[in-house]
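# Summary of the model geometry
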Amino acid sequence: MQTPTSSTYLAAELRLPTNWLDYTILGIYFLVVLGIGFAARRSVKTSLDFFLSGRSLPAWVTGLAFVAANLGATEILGMAANSAQYGVYTTHWYWIGAIPAMVFLGLVMMPFYYGSKVRSVPEFLLLRFDKASHLLSSALFAVAAILIAGVNLYALAIVVEALLGWPEWVAIVVAGFFVLAYITLGGLSSAIYNEVLQFFVILAGLIPITVLGLKKVGGWDGLSDSLSKSHGSDFMTAWGGTGIGSENPLGANWLTIVLGLGFVLSFGYWTTNFAEVQRALSAKNLSAAQRTPLIAAFPKIFIVFVVMIPGLVAAVLVPKIGTPGSDLQYNDAIPYLMQQLLPNGVLGIAVTGLLAAFMAGMAANISSFNTVFTTDIWQKYVVKDREDGYYVRFGRLITVIGVLASIGTAFLASSFSNIMSYLQTLFSFFNVPMFVVFIIGMFWKRASMKSGFWGLIAGTTAAMVNYFVIYKQGIIDIPSDQGANFVSAIAGFVAGAVVMVAVSLFTAPKPATELQGLVYGTTSPGMAEPPAKGDDAWYRKPALLGWGAVVLAAACYIPFSF
Amino acid sequence: MSDSYSDKNLQDEVSELETKSVTAARLFDIRRIIGGLFVIYGVIVTIAGFAASDDEIDKAQGVNINLWTGVGMLVLGIFFLVWLKLRPTAPPVPPLEEGGGEE
């Protein structure tokens, strides 16, 4: 999910005491990353191999890649920052803001995505609606992916400069080069494999920080007592102070949290963001594709602890963190604890994990960008009907261009960081109407071909008007950017839905024969295939995994609710 | 060309590409890489744990964190290698019952 805090300015005093041991660990990682690229190269023959790993990966691999593609470093640093600022409210971004949407994607939407054999999220719009909605969403996705990759690269450069003392341009060029090399060589397979590896390395870095941080502040009880005294008791609860009309630092109440974050924003992000969905589409069969987001949901439930606890610990150790009186920003929480607590060795693992997370965050965007640009834009509108080898070559070329463009974006971001965070907000509003269009398109046969395009336009416009005019101009008083974000999402959802229904009533529906496998209640040939051998085991049943994750996430709320 | 796009062509195209795809046959198993990397990291960090100075242990709140993390990573690495040994990659099954269009 997009990070709530966008600026990543780290204080200069955060330089880590790294030595040869830490650099050896980092060096080994870079070698392995390149090795994966070279080794995956021989598995690329067709464009399907390059863009979707030939739809052949096992579910645990795509599932871990699914969660890792979201576990970029901006997310890790941003969620720790969020915890230092808002406290245990951060759990909402995980337990209500991710799990239900991931389960919905796996159980309800994946049969249509995977069964219809589309290669991208925009391609589904092409089948269900028309070319206008397809081209609009493809183009916006392509631009947004490059922008986010560039912002990620810039954030990496700032962190690396502060922690390791490398000049910004060196970090941008080195990280850009490695991502370029391994995706150009091995395509999505190498991106996914690196994400799985990154998942384990980042956890190996975050768990020691969490354990030592807790020890330093006297365990969970010490942490809880100390923060309840300094920040009030609501700081350590998930729902305290979220009654409608009551004040809390998040600026949101339970209704906007549940509807805005939990329903609209999170469903919009998790179910239609191609950088995530692509991982599931590369799974080897429908059952594995369904299980991809469900397997991802279990680590996602617990990851919140290893990012939230360091943020809370930092709030105890540096009481003034994030205020003008302190050198440390909220985003510095994890780097600060790395500097204070980790000896050489584990420090190298944590640095490697952080760099790996930045690169994986960028790679997820690049590998989804090259797919959308090649199969949805180039192959459908520019150079059609060439032999398959041509599109593999073009995919590699556009990967190089995409990385160079995001390196350019990163340099731009270093001089215009306000514009960049503005643009990110802008694009984040596009996910919401995407979800409306998908959900109505999948469940209502009558939704007409033209209604998709107009739903997208109306929803995006409404969310933007609500955020930039009604909130920013102070027409309605919402206490924080986060709170305004939630309300804008709800506005975009409602506007998109209303316009879609209205347009559908006055325009022609899509012929029923062309809707097979795209709308609820219909099936396409691919969806009828029987489960593969072994997939009928009880622990591989999607329904059990999905509902299990929902129940577990709900149970996690209990200790933080009273 | 009309504004509507037939899904028939697209599904045939993807089905055909699936039969020519070589990823399943040629892509190495990631468990080997995770296992290998974590065994190497585990050994390095465990050794750093055995050689830990008092300063380093004091910094980490009295915990020999290198030793614990190193052992943890070593165990994870060995787990992946053992898993790979016990359940090696299944050879890819040729797609027999794919919905039409194949030879």
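Residues numbered from 1 in each chain as written. Chains lettered and ligands numbered in written order. Predicted model: local features only at pLDDT ≥ 70, side-chain atom pairs only at ≥ 80, totals over all residues. Heavy atoms only, no water.

When helices and strands are counted, chain A shows 20 helices and zero strands. Taken over the C-alpha atoms alone, chain A extends approximately 65 × 55 × 50 Å along its principal axes. Taking as baseline every contact in chain A between residues at least 6 positions apart, the subset at least 24 positions apart corresponds to 84%. Here chain A carries 30 positive and 26 negative side-chain charges, and the mean point of each set is 11 Å from the other. (Helix = DSSP H or I, 4+ residues; strand = E, 2+ residues; numbered from the N terminus. Contact = heavy atoms within 4.5 Å. Lys, Arg positive; Asp, Glu negative; His and termini not counted. Charge placed at Lys NZ, Arg CZ, Asp CG, Glu CD.)

This next bit is on the interface of chain A and chain B. Listed per partner, the contact involves 68 residues of chain A and 49 residues of chain B. Regarding the contact of chain A and chain B, the summed buried area is about 5000 Å², with carbon and sulfur atoms giving 67% of it. When the buried area of chain A at its contact with chain B is split by residue, Trp60(A), Lys117(A) and Tyr193(A) rank highest and sum to 13% of it. Where chain A packs against chain B, one counts three salt bridges. Put simply, Arg55(A) and Glu18(B) hold a salt bridge, and the shortest N to O gap is 2.9 Å. On inspection of chain A and its partner chain B, the count reaches 17 residue pairs in polar contact (both at pLDDT 80 or more). At the level of secondary structure, the elements contributing two or more residues to the side of chain A that touches chain B comprise α1 (20–41), α2 (47–52), α3 (59–70), α7 (121–128), α9 (168–216), α14 (333–341) and α15 (346–382) of chain A. Counting residues per element, the side of chain A that touches chain B draws most heavily on α9(A), which supplies 11 residues. Of the residues assigned to the side of chain A that touches chain B, the class counts are 33 nonpolar, 17 polar and 18 charged. (Buried area = accessible area lost by both parts, 1.4 Å probe. Salt bridge = Lys/Arg side-chain N within 4 Å of Asp/Glu carboxyl O. Polar contact = N/O pair within 3.5 Å; in protein donor to acceptor, adjacent residues only side chain to side chain. Nonpolar A, V, L, I, M, F, W, Y, C, P; charged D, E, K, R; others polar.)

To continue, consider the pattern of salt bridges. Using the criterion set out here, one finds 13 salt bridges over all chains in the structure. Across the pair Lys117(A) and Glu18(B) runs a salt bridge whose closest N-O atoms are separated by 3.6 Å. Here Glu18(B) lies in helix α1 (residues 7–20) and Lys117(A) lies in the loop between α6 (99–115) and α7, a pairing that spans two chains. Pair check on accessibility: Lys117(A) and Glu18(B) agree, each one buried. Taken together, the salt bridges that share partners define one network made up of Arg119(A), Glu123(A), Asp376(A), Lys380(A) and Glu13(B). (Buried < 20%, exposed > 50% of the residue type's maximum accessible area, 1.4 Å probe, protein only.)

Below, the discussion takes up the packing of α1(A) against helix α3 (residues 30–50) of chain B. Packed helices, taken two at a time, are described by their axes: the angle between them and the distance between them. Relative orientation of the contacting elements α1(A) and α3(B) amounts to 170 degrees, with a least axis distance of 11 Å. One way to sum up the angle between α1(A) and α3(B) is to call them roughly antiparallel. For the pair α1(A) and α3(B), contact is made by Leu21(A), Ile25(A), Ile28(A), Tyr29(A), Val32(A) and Ile36(A) and by Ile30(B), Ile33(B), Leu37(B), Ile40(B), Tyr41(B), Ile44(B), Val45(B) and Ala48(B), respectively. Residues of the contact of α1(A) with α3(B), tallied by class, amount to 14 nonpolar, no polar and no charged. (Axes fitted to C-alpha atoms, helices over the stretch in contact; angles between N-to-C directions. Parallel < 35°, antiparallel > 145°, perpendicular 65-115°, else oblique.)

Another aspect to go through is the confidence of the model for chain A. Fine structural detail should not be taken from predicted coordinates in areas where pLDDT scores are low. With 94% of its residues at a pLDDT of 70 or more, chain A has an overall mean of 86. Of the regions scoring below 50 in pLDDT, residues 1–8 of chain A engages in 30 contacts with residues more than four places distant in sequence or in other chains. (pLDDT = per-residue confidence, 0-100.)

Here chain B shows a mean pLDDT of 80. Residues at 70 or above account for 79%. The low-confidence segment residues 96–103 of chain B, where pLDDT is below 50, has six contacts with residues more than four positions distant or belonging to other chains.

Turning to the side chain of Lys380(A), a few remarks are in order. All names here are of chain A. Residue placement: lysine 380 occurs in helix α15. For lysine 380, a relative accessible area of 10% translates into the label buried. A distance of 2.6 Å separates a polar atom in the side chain of lysine 380 from a polar atom in the side chain of glutamate 123.

Moving on: a nonpolar patch on the surface. Together, Ile244(A), Trp254(A), Leu255(A), Val258(A), Leu259(A) and Phe263(A) line one region of the surface with nonpolar side chains, adding up to about 500 Å² of accessible area. The partly exposed category is assigned to Trp254(A), whose relative accessible area is 42%. (Patch = residues over 30% accessible without salt bridge, like charges linked within 9 Å, V, L, I, M, F, W, Y side chains within 5 Å. Areas by Shrake-Rupley, 256 points an atom, 1.4 Å probe, with all protein chains shown as cover.)

This brings us to α3(A). Residue and element names in this part refer to chain A. If you check α3, its first and last C-alpha atoms are 17 Å apart, about what 12 residues at 1.5 Å a residue would give, namely 16 Å. Taken across its 12 residues, α3 has 12 buried, putting it largely inside the fold. Where α3 is concerned, the buried positions are Ala59, Trp60, Val61, Thr62, Gly63, Leu64, Ala65, Phe66, Val67, Ala68, Ala69 and Asn70. (Expected span 1.5 Å × (residues − 1).)

All names here are of chain A. When the terminal C-alpha atoms of α9 are compared, their 33 Å separation across 49 residues is substantially less than the 72 Å that a helix rising 1.5 Å per residue should span. Residue glycine 186 marks the point of greatest curvature in α9, where the axis turns by about 125 degrees. The buried count for α9 comes to 39 of 49 residues, which makes it a mostly enclosed element. With its phi angle positive at about 85 degrees, glycine 218 sits one or two positions after the end of α9. (Bend = angle between axes of the 7 residues up to and from the residue.)

On to the side chain of Thr210(A), then. As for its placement among the helices and strands, Thr210(A) is situated in helix α9. Ignoring sequence-local partners within four residues, the contact set of Thr210(A) consists of Phe305(A), Val306(A), Ile309(A) and Pro310(A).

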